[in-house]
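For reference, the chains in residue letters:
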Amino acid sequence: MGRAKKVVLAYSGGVDTSVCIPYLKYEWGVEEVISLAADLGQGDELEPIREKALKSGASESLVVDVKESFVKDYAFGAIQANALYENRYPLSTALARPLIAKALVEAAEKYDADAIAHGCTGKGNDQVRFDVAVAALNPNLKILAPAREWGMSREETIAYGEQYGIPSPVKKKSPYSIDRNLLGRSIEAGVLEDPNVEPPEEIYLMTKPITQTPDQPEYIEIGFTRGIPTNLNGEFTNPVDLIQQLNQVAGNHGVGRIDMIENRLVGIKSREIYETPALSVLIQAHRDLESLTLTADLTHYKRGIEETYSQLIYNGLWYSPLKAALDAFIQKTQERVSGTVRVKLFKGNATIVGRSSDNSLYTPDLATYGAEDKFDHKAAEGFIYVWGLPTRIWSQQEKGR
Ligand code: ARG
């Protein structure tokens, strides 16, 4: 009796997920392994990956293009929420996991599988995100994570795979662990494990070093409709193209590098480098447009929601009732967040230099220091008296007067 009969495996084409196929079949007694590779714009050729799964023993090899959904249903919501984990990481990897889980569950239901599987180890956040998302979407499915249990070293994993015709990697394996998709790259391990070592230039692919960026600034305009980026430089652009184009333009100016020590859900601190050119610029621009179109109290209250929202995405609770409730709040806040933000890209910086909106709450007559000033200065006196009253009473009480 195996642990499951028919399994849908999240497949990347790498050694670990390839080894999962014979391992599930011959160690865990799974009868049939169906692999699923998700196209998230990671830039890999997917046809060779599809074939490799079959050669490794999968009975069926699925490739699903989820790029558009990734941007529309996952990234855009995060932009509306200005989601930055620990105030810095725009969640480029974390956002992909619930989408991959959804594709796995849909395939499992279609092919009548009784489990899903993934190649995550027991140390990271991704295992949590997959497992919790699958449990939320279909609580009847089992979840198998061979790499969490097999205890093989890298060499042993390769040797195990060779027994079943899985070729050992031709190139020497990069010392880094890299996750890549349309929204960005996450890079860890190798020399980066020393938090005091500056990241070597070779790790970056989406962002140029400042020594090679243009010596002239570039101005771009990003148009938002209800908090969603809909056009770039005045042209309506489909979601995937918009992200791709903005990655190019911002990356060319070295924008979007993040080097941080982060707190994983499993309790460890890790050092991770991110490159997220488009996503970083979009969140910055979106937040700026909110400052023009939302009231003060709403803006301030939303900050707290954003913090919670970022944490729950990071911690694998995408399909949770709290997330759904916060979504309803955030969607309501976005009704008037439409307009255009002008951004200057130069030497690693994205600087907002202008913003405009039909829904702008900025009132020139009230803000001006010129003769047109309509603000009632005399009204300030009474306001300040009432505003400061509790503090005045506190002080009087203390001083006994
Ligand atoms: N630390 C990031 C997260 O938890 C990225 C994880 C994957 N990173 C990697 N280098 N493989 O979302």
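Summary of the structure given here.

Cut-off values and rules
- Within each chain, residue numbers correspond to sequence positions counted from 1 in written order.
- Residues qualify for local features only when their pLDDT is at least 70, as the model is predicted, and side-chain atom pairs are given and counted only at 80 or more; totals for whole chains, interfaces and linings, by contrast, use all residues.
- The basis for every side-chain value is the complete set of non-hydrogen atoms in the structure, without hydrogens or water.
- Only runs of H or I of at least four residues qualify as helices and only runs of E of at least two qualify as strands under DSSP, and these elements are numbered from the N terminus.
- Throughout, exposure labels follow a simple rule: accessible area from a 1.4 Å probe, protein chains only, divided by the maximum for the residue type, with under 20% read as buried, over 50% as exposed, and the rest as partly exposed.
- In this description, contact between two residues means that some pair of their heavy atoms is separated by no more than 4.5 Å.
- Two N or O atoms form a polar contact when they lie within 3.5 Å of each other; inside protein one atom must be a possible hydrogen donor and the other a possible acceptor, and for residues adjacent in sequence the pair counts only when both atoms belong to side chains.
- Only heavy atoms are used to decide nearness, and a residue is near a molecule or strand if one of them lies within 4 Å of it.
- Note on areas: these come from Shrake-Rupley sampling with a 1.4 Å probe, and a residue is covered only by the protein chains present in the view.
- All amino acids are sorted into three groups, where Ala, Val, Leu, Ile, Met, Phe, Trp, Tyr, Cys and Pro are nonpolar, Asp, Glu, Lys and Arg are charged, and the leftover types, Gly among them, are polar.
- Two strands make a pair as long as DSSP finds a minimum of two bridges between them.

**Side note on the overall build of the protein chain**
Consideration 1: Each helix and strand in the protein chain was counted, giving 14 helices and 14 strands.
Consideration 2: For the protein chain, the C-alpha atoms occupy an extent of roughly 85 × 55 × 40 Å along the three principal directions.
Consideration 3: Residues counted as buried form 48% of the 401 residues belonging to the protein chain.
Consideration 4: Restricting to contacts in the protein chain with at least 6 residues of sequence separation, those with at least 24 account for 74%.

**Quick look at the side chain of serine 56**
Consideration 1: For serine 56, the position within the fold is in the loop between helix H2 (46-55) and strand S3 (60-65).
Consideration 2: For serine 56, a relative accessible area of 7% translates into the label buried.
Consideration 3: Within the structure, the side chain of serine 56 is placed 2.7 Å from the backbone oxygen of lysine 52, a separation counted as a polar contact.
Consideration 4: The contacts of serine 56, once residues within four sequence positions are left out, are Tyr11, Ser18, Ile21, Pro22 and Ile166.

**Here's the deal with the site of the ligand**
Consideration 1: Near the ligand there are 16 residues, and of these Tyr89, Asn125, Ser177, Glu262 and Glu272 occur at the shortest range.
Consideration 2: In this structure, an oxygen atom belonging to the ligand sits 2.8 Å away from a side-chain N or O atom of asparagine 125.
Consideration 3: Arginine 129 is positioned such that a nitrogen or oxygen atom in its side chain is 2.9 Å from an oxygen atom of the ligand.
Consideration 4: Out of a free accessible area of 350 Å², the ligand has 92% covered by protein chains.
Consideration 5: Residue assignment for the shell around the ligand shows that the elements contributing at least two residues are helix H5 (126-137), strand S6 (177-181), strand S7 (184-188) and strand S12 (269-275).
Consideration 6: Along the lines of polarity and charge, the residues of the shell around the ligand split into six nonpolar, four polar and six charged.

**So, the pairing of strand S14 (residues 349-356)**
Consideration 1: Note: strand S13 (residues 339-346) against S14, seven bridges, orientation antiparallel. Residue pairing in the sheet places lysine 344 in a bridge with threonine 351 of S14.
Consideration 2: The hairpin formed by S13 and S14 contains two residues between the paired strands, and lysine 347 there has a positive phi angle of roughly 50°.

**Notes on the pairing of S12**
Consideration 1: Most of S12 sits out of view: six of its seven residues are buried.
Consideration 2: Summarising the sheet, S7 and S12 pair through three bridges and their orientation is antiparallel. In the sheet register, arginine 185 faces S12, and the bridge partner there is glutamate 275.
Consideration 3: Bridge analysis of strand S11 (residues 257-263) against S12 gives seven bridges, and the strand direction is antiparallel. In the sheet register, arginine 257 faces S12, and the bridge partner there is glutamate 275.
Consideration 4: Here S11 folds back onto S12 in antiparallel fashion, the turn holding five residues, of which glycine 267 has a positive phi close to 95°.

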